[in-house]
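Spelled out, the chains give:
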Amino acid sequence: MFLVIVEAAIYQGGRWLIIKRSEKEEHAAGLLALVGGKVDLSDQPNDVLEHALRREIKEEIAIEVSELTYVKSASFVLHDGRCALETIFLCIPKSGTPHAVSADEVAEFYWMTTEEILAHPQTPSYLKDQIVQAERVLRSIQALK
């Protein structure tokens with residue numbers, strides 16, 4: 001069995017919304033990350049990934065998003081030995097003003113360019129890969145318009 005995780009590459013005005021995870025977090029404490037979290041059994045069974053992602057975004061930074069576009073998926077093993085499957089979606093802010101809802105989850109948030117994320121000392125390698133992949137998807141979408 002996999003723990004299913006969804007994450008949002010939220011893009012607006014040439015910048016990505018990136019959170020700094022709380023030092024209280026069990027996984028990747030104090031590091032930069034995309035907004036996201038676990039799929040819950042209470043999430044709607046249809047479009048479960050999208051529903052879970054919208055819920056997590058509201059719980060963590062209090063905004064609504066639109067235009068969810070698949071970016072990538074990956075599996076990895078957590079420090080406790082459980083297997084995780086994560087799916088990343090490119091999202092566009094729809095409404096609300098972002099703010100850290102719970103300091104226990106999100107210490108801070110930033111609007112950062114791709115270059116700033118890639119150069120930041122608290123950016124883990126997997127976030128660099130997620131942003132590079134999201135940037136490719138974004139460019140593909142923009143080329144079609």
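Everything discussed here concerns the structure shown above.
None of these values were measured; they are calculated from a predicted model.

Visitor: I would appreciate a short explanation of the pattern of salt bridges in the present structure.
Guide: One side chain can pair with another of opposite charge once the charged atoms of both are near each other. Tallied over the entire structure, the rule returns 9 salt bridges. A salt bridge links Arg55 to Glu59; its shortest N-O distance comes to 3.3 Å. With a gap of 4 residues between them, Arg55 and Glu59 both fall in helix H1 (residues 48-61), about one helical turn apart. Lys72 is the salt-bridge partner of Asp129, the closest N and O atoms lying 2.4 Å from each other. With Asp129 in helix H3 (residues 125-144) and Lys72 in strand S5 (residues 64-77), this pair connects stretches of sequence that are 57 residues apart. Judged by its relative accessible area of 32%, Asp129 is partly exposed. Through salt bridges that share partners, Asp40, Asp43, Arg55, Glu56 and Glu59 make up one connected network.

Visitor: Looking at this structure, I do not really get the environment of Ile131. What am I missing?
Guide: Looking at the element boundaries, Ile131 is found in helix H3. Residues Ile131 and Tyr110, 21 residues apart in the sequence, show an inter-C-alpha distance of 14 Å. If we skip the residues at most four places from it in the chain, Ile131 touches Trp16, Ile18, Leu34, Thr114 and Ile117.

Visitor: What is the right way to read the nonpolar core from this model?
Guide: Where a protein is soluble and globular, its nonpolar side chains tend to be buried together. Ranked by internal contacts, the top residues of the largest apolar core, which has 17 residues, are Ile10, Leu53, Ile57, Ile61 and Cys91. Elements supplying a minimum of two residues to this core: strand S1 (2-12), strand S2 (15-21), H1, S5 and strand S6 (83-95). Of the residues forming this core, the biggest block, 4 residues, is contributed by H1. Beyond its immediate sequence surroundings of up to four residues, Ile61 is in contact with Ile10, Leu17, Ile19, Val35, Thr97, Pro98, His99 and Val101. Judged by nonpolar contacts, the second largest core, of 16 residues, contains Leu32, Leu90, Met112 and Ile117.

Visitor: Sorry if this is basic, but what is going on with H1 here?
Guide: Look at H1: 20 Å from first C-alpha to last across 14 residues, which is about the 20 Å you get at 1.5 Å a residue. Within the sequence span of H1, burial applies to Ala52, Leu53, Arg55, Glu56, Ile57, Glu60 and Ile61. Contact partners of the buried residues in H1: S1, S2, strand S4 (35-38), S5, S6 and strand S7 (106-112).

Visitor: I'm lost on the pairing of S2 in this one. Help?
Guide: Side-chain direction in a regular strand flips from residue to residue, so the side chains alternate between the two faces of the sheet. In terms of burial, S2 is largely enclosed, as 6 of its 7 residues are buried. Summarising the sheet, S1 and S2 pair through 3 bridges and their orientation is antiparallel. If you follow Gln12 over to S2, its bridge partner there is Arg15. Between the end of S1 and the start of S2, which pair antiparallel, lie 2 residues, with Gly13 showing a positive phi angle near 60°. Pairing between S2 and S7: 6 bridges, direction antiparallel. Residue pairing for S7: Lys20 is matched across the bridge by Glu108. Here 2 bridges tie S2 to strand S3 (residues 32-33), and the two strands are oriented antiparallel to one another. Across the sheet, residue Lys20 finds its bridge partner in S3, namely Leu32.

Cut-offs applied
- Sequence order sets the numbering: in each chain, residues are counted from 1 along the sequence as written.
- Local features in a predicted model are, by the rule used here, given only for residues with pLDDT of at least 70; side-chain atom pairs are given and counted only at 80 or more, and totals for whole chains, interfaces and linings are based on all residues.
- For the side-chain quantities, the full set of heavy atoms in the structure was used; hydrogens and water were omitted.
- Here a salt bridge means any side-chain nitrogen of Lys or Arg lying within 4 Å of a carboxyl oxygen belonging to Asp or Glu.
- Segments assigned H or I by DSSP are reported as helices when at least four residues long, segments assigned E as strands when at least two residues long, and all are numbered from the N terminus.
- Any residue under 20% of the maximum accessible area for its type is buried, any over 50% is exposed, and the rest in between are partly exposed; the area is computed with a 1.4 Å probe on protein chains only.
- Residues are treated as being in contact if the distance between any of their heavy atoms lies within 4.5 Å.
- What is meant by a nonpolar core is a set of buried Ala, Val, Leu, Ile, Met, Phe, Trp, Tyr and Cys residues, joined one to another through side-chain atoms within 4.5 Å.
- One less than the number of residues in a helix, times 1.5 Å, gives the span that helix is expected to have.
- By this definition, two strands are paired if DSSP reports at least two bridges between them.

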